[in-house]
Amino acid sequence: QKEVEQNSGPLSVPEGAIASLNCTYSDRGSQSFFWYRQYSGKSPELIMFIYSNGDKEDGRFTAQLNKASQYVSLLIRDSQPSDSATYLCAVYNYGQNFVFGPGTRLSVLP
Amino acid sequence: ETGVTQTPRHLVMGMTNKKSLKCEQHLGHNAMYWYKQSAKKPLELMFVYNFKEQTENNSVPSRFSPECPNSSHLFLHLHTLQPEDSALYLCASRQNDRGTNYGYTFGSGTRLTVV
């Protein structure tokens, strides 16, 4: 059974701080890693993906991947109240289906 | 709009009713998916269609019946549901031959309540 684990939260950070969201996965053959943001009552929205070890930056978001540790994270710099949402980690291995984690609920406090 | 349209947005149905959920994608993708999202649980994959052929049925009860008439349209037919089937039903599409670095595009979902 392939699993993706995330701390369900809620993770509360003050406005302007760095939010750090973590994800671990069990399938060592996983190739790509995706972060989705889901606002309450809405559908998931892709915000970043990463496939190489190291960091990938896109605006205020940085994804970090360590395949040896089977760990992927998402950092949100200068967190804003509008970042308050549930963040889903999804893991993909070519030819198979995506496996989603349960999501971490982030609350950015003004 | 994401390019994946789901209707209806909300549905309340009795346990003896028959209803259908509809999904349409305008992205030219070749794979479509049904997911169920219940409170505090991970997304549950229900059905997968590649090039309008069903390639996966993830042990879904027969009261859920998918239909994919073409690569742009996907239906989920519902009958004699149970209250525990109340959830957000998400349709997603993807272009499966673009390699690993290509995610899903989700529709807005149908919030289903079974009474």
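Nothing here was measured: the structure is a model prediction, and the numbers come from that model.

Caption draft 1: The state of the cysteines, seen in detail. A complete count under the given rule lists 2 disulfides over all chains for this structure. Between the sulfur atoms of Cys23 of chain A and its disulfide partner Cys89 of chain A the distance amounts to 2.1 Å. On the sign convention where negative means left-handed, the S-S torsion of about -70° between Cys23 of chain A and Cys89 of chain A marks this disulfide as left-handed. In this pair, Cys23 of chain A is assigned in strand 3 (residues 19-25) and Cys89 of chain A in strand 9 (residues 85-92), connecting sequence segments 66 residues apart. Cys89 of chain A carries the same exposure label as Cys23 of chain A, and that label is buried. Residue pairing for Cys23 of chain B: its cysteine sulfur links by disulfide to Cys91 of chain B, the two sulfurs lying 1.9 Å apart. Between Cys23 of chain B and Cys91 of chain B, the S-S torsion sits near -70°, and that sign places the bridge as left-handed. Residue Cys23 of chain B is found in strand 3 (residues 18-25), and its partner Cys91 of chain B is found in strand 9 (residues 87-94); the two are separated by 68 residues along the sequence. By the burial criterion, Cys23 of chain B is buried, and Cys91 of chain B matches it. Here Cys68 of chain B is not cross-linked by a disulfide; its sulfur's nearest cysteine counterpart is in Cys91 of chain B, at 9.1 Å. The exposure class assigned to Cys68 of chain B is buried, which follows from its relative accessible area of 11%.

About the criteria used
- Residues numbered from 1 in each chain as written.
- Chains lettered and ligands numbered in written order.
- Predicted model: local features only at pLDDT ≥ 70, side-chain atom pairs only at ≥ 80, totals over all residues.
- Heavy atoms only, no water.
- Disulfide = S-S within 2.5 Å.
- Helix = DSSP H or I, 4+ residues; strand = E, 2+ residues; numbered from the N terminus.
- Buried < 20%, exposed > 50% of the residue type's maximum accessible area, 1.4 Å probe, protein only.

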